[in-house]
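Descriptive analysis of the structure
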Amino acid sequence: MELPVVDFTAVYPEVVVTLVGLLVLAVDVFLKPERKTVLAVIALLGLFLALLVTLAYYPLDEVAFSGMVAADSFSQFFKLIFILSAAFSILMSPRYLQIFNINAGEYYELIMFCTLGMMVMVAGNDLVTIYIGLELMAISIYLMAGFQRDNPRSSEASMKYFLLGSFASAILLYGMSFFYGITGKTNLEEIARYLDFTQNMLNTKLITLSLVLMTVAFAFKIAAVPFHMWTPDVYEGAPTPLTAFMSVGPKVAAFAVILRVYMTTFHTLVPDWTQLFWILSVLTMVVGNVIAVAQQNIKRMLAYSSISHAGYLLIGVISAGTATEIKINGLPATSLVSESMMSVMVYLFAYMFMNLGAFAVVIALAKAGNPRELLQDYAGLARRKPFTAMLMTILLLSLLGFPGTFGFIGKFYIFKAAITTGNVTIAVIGVIMSVVAAFYYIRVIVYMYMREPEGEILPEADFASSTMYAVITTTVFTLLFGVAPGFIIAMARYSIEQMLA
Amino acid sequence: MLIAVVSGFVFSLAVPLLHRTVRNVTDWLVVLLPFSLFIYFSFLTQPIAAGGVLSSSHAWAPSVGVNLSFVLDGLSLLFAILISGIGALVFLYSSGYFKGHSGLGRFYAYLLIFMASMLGLVLSDNVIALFIFWELTSLSSYLLIGFDHERSSARSAARQALLVTSVGGLALLAGLLLLGEAGGSFELSQLLREREAIRSHRFYVPIVVLIMVAAFTKSAQFPFHFWLPNAMEAPAPVSTYLHSATMVKAGIYLLARLSPVLGGARIWQGTIVVVGAITMLIGACLAIKETDIKRILAYSTVSILGVLTFLLGLGTRAAVEAAVAYLFIHALYKAGLFLVAGIIDHETGIRDVTRLSGLARIMPVTALAAAVAGLSMAGLPPLFGFIGKELLYTATLQAPLANSILTAAVLLTSALLVAVAGIVSLGPFIGRTMTLSEKHGGVPLTMTAGPVVLAGLGLLIGLLPNLVAGRIVSSAVGAVLAQPAAIKLALLHGLTVQLGLSGLTFALGVTAYLRRDALRRAVSRFDLGTALGPAKGYSLTLDGMTALARLQTRILQSGHLHIYLFIILAVTVGLVGSWLVRYYGLMRLEGWADIRFYEFLTALVIVAATIVIVRASSRLFSVVALGVVGYSMGIIYIIFGAPDLAMTQFSIDTLTVILLLLVLYRLPRYARYSTTLERLRDAAIALAVGVLVTGLTLAATAVPPISQISSYFAENSYLLAKGRNVVNVILVDFRAFDTLGEITVLAVAAIGVYSLMKLRGNGSDG
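Since the model is a prediction, treat every value here as computed from it, not as a measurement.

As for the packing of aromatic side chains
If you walk through the whole model with that rule in mind, you get 44 aromatic pairs over all chains. Pairing F77 of chain A with F78 of chain A gives two aromatic rings, centres 5.5 Å apart and planes at 80 degrees, and the pair type is edge-to-face. No difference in accessibility class separates F77 of chain A from F78 of chain A, as the two residues are buried. The ring of W134 of chain B is capped by K218 of chain B, whose NZ or CZ atom sits 4.9 Å from the centre of that ring.

Following this line, the structure appears as structure tokens:
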């Protein structure tokens with residue numbers, strides 16, 4: 001009997017994250033409660049190491065573990081996003097944990113394992129690997145959402161997310177089991193080959209049914225309307241650093257999997273899934289943006305805003321799908337496909353910085369016993385904390401897609417991709433909805449700069465420096481890549497070319 | 001040219017710091033930058049007039065065709081000169097206007113950002129770069145309008161201006177992306193070559209509509225004109241710079257810049273002429289209605305912007321000539337008048353023209369400048385305004401369509417504007433000298449310099465029009481028409497129709513001025529704007545959106561878990577079901593007779609147990625029934641030949657039941673929270689899911705399985721693993737890793753059970 005070949009070079013980043021997660025768990029036992037910040041330092045150092053390893057192995061292109069894992073630059077691109085978002089979330093945490101009296105040990109460990117889950121997910125070259133990664137990620141998040149145990153909202157959030165998430169996972173598994181039942185394979189490349197071979201046969205129609213089931217599950221993970229209802233409740237209830245983390249990580253991971261699976265494996269089913277995503281995208285943009293207008297709680301507003309961003313991202317996915325069907329002079333329009341996929345990847349990178357940054361500002365303003373999450377709490381902030389207000393303004397403008405910020409670059413490429421692939425209707429809907437979005441983002445800026453606070457003015461708390469590091473770094477990157485996005489675009493292009501080759 | 005644009009941005013970063021350290025020098029330093037730019041652009045008039053075009057390009061994101069490329073032609077040069085020249089005067093003025101204000105450094109920074117973006121806007125050859133600068137002007141104008149934000153009206157005005165212009169901005173982005181797609185490039189110079197392809201492209205109409213929305217919002221054209229008067233909450237230097245001389249003309253610039261590419265078609269010409277004409281008339285009427293000096297000026301600006309728009313829409317040579325000249329003239333006199341209005345407001349604190357009088361004795365220099373600028377606005381010789389008016393009439397008389405109607409409309413507008421000129425530049429300065437509450441120390445020189453210089457220029461160019469005609473106006477007209485143009489301007493052409501019309505205008509205007517109070521009342525009576533106008537529409541839209549958002553929240557975001565689950569399941573059933581119905585032929589509906597009795601019995605047990613789970617009144621019952629379901633599933637596995645799976649199922653179910661019992665034991669008894677109706681609804685969705693899954697199963701079984709793994713195990717268990725018991729071999733050999741994993745899971749779960757039992761023993765912690 002032969003053992004599967006264990007090729008660790010393919011999974012070095014995952015190995016590092018796993019070991020550091022375990023190290024955090026082990027060290028936690030020996031630490032006094034007031035010295036738990038050490039854990040954050042260990043986790044950060046570990047993530048930094050993982051970042052370096054990922055970058056060092058960026059041009060990798062191989063399939064390991066009997067085809068279960070794809071160690072390619074496509075997955076490395078997303079691993080960078082996960083590692084960075086985990087690092088930023090950890091940076092935001094120490095003071096928050098302290099003032100809300102949250103036990104630190106398992107907290108950092110769960111962030112590490114959740115990151116690991118997402119990394120496994122994007123590296124998955126097999127439905128089973130993807131599912132395992134997804135569950136590792138999801139279970140960590142169910143736990144994390146309920147971490148603030150003395151707060152009933154937090155427990156409620158955790159319970160809701162767990163129950164609904166289990167349903168989504170069940171539906172995903174159901175869809176995957178259909179795939180296995182029909183094709184006899186779980187490996188993505190083998191499924192793709194099977195689909196190519198059996199095009200126009202009866203089986204394909206049955207496969208479409210399982211595709212719909214899987215799409216429902218992924219729609220839940222990216223919080224697309226109407227599978228979004230858990231988002232605001234969970235985002236509001238969870239401790240804010242984790243809200244920041246879960247608003248970015250799982251969404252990015254799900255989009256990465258969608259790009260890989262739908263573009264490389266289900267490419268024969270493009271008309272079916274673009275149709276599905278079209279409906280989801282329009283609903284998501286409309287409902288997400290319109291409801292966000294009514295929110296008075298800034299965490300809920302950001303929750304709806306992140307829902308609406310999933311809608312824009314879906315536009316890019318749809319463009320990539322339709323691009324595969326376009327023929328120029330009888331040849332497939334490869335550049336259109338890769339440009340559309342690139343738009344989604346760049347948008348996700350931008351989304352990571354700006355969304356984490358905005359949440360970090362919310363955390364920076366929190367005070368013991370008063371999370372200060374209402375819009376009213378931001379009135380006159382520019383006078384009390386001019387620097388923070390300025391950073392928040394930049395981040396909000398980036399979320400809005402204002403030129404000069406990274407958010408604009410993302411939106412620009414998404415809309416450009418939609419127009420060049422002929423999806424003009426949805427691009428126009430996207431633009432109109434961006435106008436609606438302008439309303440609620442700008443309202444926060446108006447509150448910060450032009451409103452006077454009602455009632456007694458509370459002095460601002462001393463800002464924990466680590467949270468501010470997160471705010472400053474994300475803002476700097478938002479601006480830097482807003483002006484010079486070439487580096488990220490080149491990385492994304494490189495990995496797409498490699499994957500599609 | 002890159003330096004010309006970037007220097008403003010760089011300087012804006014340094015200014016707040018400078019202001020804190022070397023306060024006195026800063027005032028002069030900030031004037032120096034626009035002034036030197038003005039000198040630089042003035043020297044360029046000669047080569048540009050000679051037909052040259054300056055260009056420079058810097059790669060930004062070349063892979064997608066976005067570059068920082070700049071081109072300076074006649075049109076850009078005209079704007080660049082206005083931006084830098086008036087900019088220098090405005091910076092100078094601000095130092096007096098805000099003397100001692102603590103936020104002056106910040107103000108300079110915003111103003112510099114604005115100036116740099118505006119320069120970038122008019123110099124960009126790349127449309128995406130143009131869009132970026134366009135948005136930056138919106139943002140900096142938002143910061144500038146809201147600079148004095150003590151009043152709530154300033155805040156809502158700033159937000160209104162930003163919202164309206166950002167709607168336009170996004171429309172512009174969409175329009176330019178489509179344009180780039182149609183023309184195959186983002187470079188304007190390239191697009192100009194592709195104009196035929198663009199005009200016949202299927203995106204032509206969307207492009208035109210989107211670009212018009214952008215231009216109309218920025219340049220305050222009907223029905224978006226309402227934001228400009230409200231933006232008068234801004235301090236006077238801002239109103240001068242943004243709302244009369246430069247930013248509001250960005251829309252005009254866009255139309256002029258793109259008219260060689262997009263112009264000519266009926267939709268372009270017709271829409272622009274009609275919108276421009278409506279704006280022109282509405283602006284003039286509303287200007288008469290107002291009493292606040294700055295709002296009067298704002299509406300008259302709206303009116304002039306309408307004039308410029310409709311002239312560009314006409315697109316004839318005479319019209320473009322008039323548009324370019326008028327743009328220049330308007331910038332000179334209106335900036336002057338706004339500065340004067342700022343001085344009046346600054347010195348007296350009053351902006352109501354009915355309460356202002358006799359200021360000429362207090363501020364004689366200002367009064368003189370105002371009078372000259374006012375005469376230019378009224379279009380009297382020998383001022384530059386007069387030349388403009390002559391050109392305007394020439395253009396309407398030669399218009400290719402409806403020339404009599406257009407001429408009449410222009411006549412009416414101009415007459416009203418003559419009255420407006422009287423109201424703002426004459427009224428406040430003549431009559432009984434008003435008493436000012438505080439002791440007045442004279443207007444500082446920094447503030448009077450602007451109006452005096454601007455008014456003087458109006459007079460000078462009026463007398464010697466060919467000072468600018470050849471150098472600036474001709475090359476700008478040439479750029480708009482995309483062909484060389486040589487223009488001679490003259491003050492008098494002899495006794496022409498135009499001269500007669502000018503005379504008539506002036507006579508009507510003077511009459512209107514003398515009867516201004518009656519006129520104001522008349523216009524107010526017919527004013528439907530407040531009830532039906534677009535401003536009302538704006539606030540209704542905002543309210544409507546909030547209401548819609550609340551409604552959606554109530555329906556979709558109730559916070560109840562079962563509603564969420566209901567929606568998720570219903571949508572899933574809907575989506576998958578619709579596909580299933582489409583391919584209903586997939587389902588295999590025969591073969592019922594093959595079902596054996598014990599299979600049927602097992603299924604029956606599962607169904608019965610499920611009903612017990614749902615209906616049971618105690619948790620214990622439910623958990624046990626759940627166990628029954630699990631075991632029956634295991635039996636099904638055994639029947640269909642998967643003993644290893646059955647083993648796993650049995651052990652997991654045993655564990656689940658134990659764990660659940662231990663945990664649930666502590667919970668209170670079931671309580672009934674839902675009404676009968678809700679239970680029926682839940683039953684319905686459960687039934688729907690059941691039907692769906694049944695359908696899917698029927699469809700799945702119709703496909704023959706790909707491989708028979710059981711036969712492989714049966715054949716190879718002895719050969720490969722040396723074991724006769726197939727089940728054992730599968731568990732410990734073929735799937736040894738699986739088994740190891742399962743054992744680990746069970747072990748971990750057992751630890752959990754143990755700790756739960758220990759917890760029960762203590763019985764304290766809940």
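And the narrative resumes.
Details of the interface of chain B and chain A
Contacts between the two partners involve 64 residues from chain B, matched on the other side by 74 residues from chain A. Taken together, both faces of the contact between chain B and chain A bury some 6,300 Å²; the carbon and sulfur share is 79%. Linking chain B with chain A are 0 salt bridges. Across the contact surface, chain B and chain A share 1 residue pair in polar contact (both at pLDDT 80 or more). Across the side of chain B that touches chain A, the residue classes tally to 46 nonpolar, 11 polar and 7 charged.

Overview of the pairing of strand β2 (residues 69-72) of chain A
Residues and elements named next belong to chain A. Residue alternation in β2 divides its side chains into two sets, V69 and A71 and A70 and D72, and both sets are buried. In this structure, strand β1 (residues 61-64) lies alongside β2, joined through 4 bridges in antiparallel fashion. Following the sheet pairing, D61 is matched in β2 by D72. Hairpin connection from β1 to β2: 4 residues lie between these consecutive antiparallel strands, with F65 at a positive phi of about 55 degrees.

Notes on the pattern of salt bridges
All names here are of chain A. Going through the model one piece at a time under the given rule, you end up with 16 salt bridges over all chains. The closest approach of N and O atoms between R153 and E236, which form a salt bridge, is 3.6 Å. Of this pair, R153 sits in helix α6 (residues 152-183) while E236 sits in helix α9 (residues 230-237), and the two are 83 residues apart along the sequence. Given the relative accessible area of 46%, R153 is considered partly exposed. Two residues, R493 and E339, come together in a salt bridge whose shortest N-O distance is 2.6 Å. Here R493 is found in helix α19 (residues 486-500), whereas its partner E339 is found in helix α13 (residues 334-365), with 154 residues between them in sequence. On the basis of relative accessibility, which here comes to 18%, the residue R493 falls in the buried class.

Quick look at the packing of helix α2 (residues 37-56) of chain A against helix α4 (residues 105-123) of chain A
All names here are of chain A. In the contact formed by α2 and α4, the axes pass within 10 Å of each other and the chain directions differ by 15 degrees. Between α2 and α4, the angle falls in the class roughly parallel. Crossing hand, α2 versus α4: right-handed. The segment α2 lies against α4, with L39, A40, A43 and L47 engaging G105, Y108 and M112. Looking at the contact of α2 with α4 residue by residue, the classes come out as 6 nonpolar, 1 polar and no charged.

About the criteria used
Residues numbered from 1 in each chain as written. Chains lettered and ligands numbered in written order. Predicted model: local features only at pLDDT ≥ 70, side-chain atom pairs only at ≥ 80, totals over all residues. Heavy atoms only, no water. Phe/Tyr/Trp six-rings, centres within 6.5 Å; stacked < 30°, edge-to-face > 60°. Buried < 20%, exposed > 50% of the residue type's maximum accessible area, 1.4 Å probe, protein only. Lys NZ or Arg CZ within 6 Å of the ring centre and 35° of its normal. Contact = heavy atoms within 4.5 Å. Buried area = accessible area lost by both parts, 1.4 Å probe. Salt bridge = Lys/Arg side-chain N within 4 Å of Asp/Glu carboxyl O. Polar contact = N/O pair within 3.5 Å; in protein donor to acceptor, adjacent residues only side chain to side chain. Nonpolar A, V, L, I, M, F, W, Y, C, P; charged D, E, K, R; others polar. Helix = DSSP H or I, 4+ residues; strand = E, 2+ residues; numbered from the N terminus. Pairing = 2+ DSSP bridges. Axes fitted to C-alpha atoms, helices over the stretch in contact; angles between N-to-C directions. Parallel < 35°, antiparallel > 145°, perpendicular 65-115°, else oblique. Left-handed = near helix turned anticlockwise from the far one by under 90°.

So, to be careful, I would describe these as geometric facts and stop short of saying anything about function.
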